[in-house]
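Overview (structure and organization)
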Amino acid sequence: ITDKELNHKFFQAQMDVLKSTGSYWEGFTKLDLFQELMATMREAAVKVLVAYGHSLDVARKKASHDIIFWASVHTGSSIHEPHMTEDSLIGGVYYVTVPTHSGNLELYDPRGRSGMCKQSLNNLSAPPFHRTV
């Protein structure tokens, strides 16, 4: 099995648990680090939404919605393919560790890539993405 196939199966197993139980895999939820990570993601979402012009109250309300979370395991030769999460308001990534000689994280602004967004978002100022970290 390739690294890619393994990660796809791992992702699907996590999503199956979430869909069937409405909760994350117990192996995650028992960890204090998981609870801390979820709280940190919500705080970061509030900051991003406020930076994009939402009031603090609106940002907090939006950030209180469901978070779709999954873990991914990579080796020095595996990749996480570019993808869009069109049903998400904000996307992010957290690396616990990074294998030696790994490539850089590349974030792209999806505006203009979706037919739904193209017309209404053309006049926005330069996006904060399209960066290599």
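Each remark here, short or long, concerns the structure printed above.
Residues numbered from 1 in each chain as written. Predicted model: local features only at pLDDT ≥ 70, side-chain atom pairs only at ≥ 80, totals over all residues. Heavy atoms only, no water.

Following the criterion strictly, the structure yields 7 aromatic pairs and no others. Note on Phe11 and Trp70: the rings are 5.1 Å apart at their centroids and 80° apart in plane angle, and the pair reads as edge-to-face. With Phe11 in helix H1 (residues 3–21) and Trp70 in the loop between helix H4 (56–63) and strand S1 (106–107), the pair connects residues that are 59 residues apart, well separated along the chain. With relative accessibility at 30%, the residue Phe11 sits in the partly exposed group. Arranged with centres 5.9 Å apart and planes meeting at 85°, the rings of Tyr24 and Phe69 form a pair that is edge-to-face. Taken as a pair, Tyr24 in the loop between H1 and helix H2 (26–29) and Phe69 in the loop between H4 and S1 lie far apart in primary sequence, 45 residues in all. In textbook terms, an aromatic cluster arises when at least three aromatic residues are bridged by ring pairs, as seen for Tyr24, Trp25, Phe28, Phe34 and Phe69. (Phe/Tyr/Trp six-rings, centres within 6.5 Å; stacked < 30°, edge-to-face > 60°. Helix = DSSP H or I, 4+ residues; strand = E, 2+ residues; numbered from the N terminus. Buried < 20%, exposed > 50% of the residue type's maximum accessible area, 1.4 Å probe, protein only.)

What follows deals with the nonpolar core. Among the nonpolar cores identified, the biggest contains 10 residues, and these are Met15, Leu18, Tyr24, Phe28, Phe34, Leu37, Met38, Ile67, Phe69 and Ala71. For this core, the secondary-structure elements that each account for two or more residues are H1 and helix H3 (32–51). In terms of residue count, the dominant contributor to this core is H3 (3 residues). The residues touching Met15, leaving out its near neighbours within four places in the chain, are Ile68, Phe69 and Trp70. (Core = buried A, V, L, I, M, F, W, Y, C linked by side-chain atoms within 4.5 Å. Contact = heavy atoms within 4.5 Å.)

With that out of the way, let us pick up H1. Its 19 residues give H1 an end-to-end C-alpha distance of 27 Å, which sits within 8% of 27 Å, the value for a rise of 1.5 Å per residue. Residues Asn7, Gln14, Met15 and Leu18 constitute the buried set of H1. Viewed along the axis of H1, the buried residues span an arc of 95°, placing them on a single side of the element. Those residues of H1 that are exposed and aimed more than 90 degrees away from the buried face are Lys9, Lys19, Ser20 and Thr21. Looking at the buried positions of H1, the neighbouring elements they touch are H2. One or two positions beyond H1, positive phi appears at Gly22, with a value near 80°. (Expected span 1.5 Å × (residues − 1). Arc of directions from axis to C-beta.)

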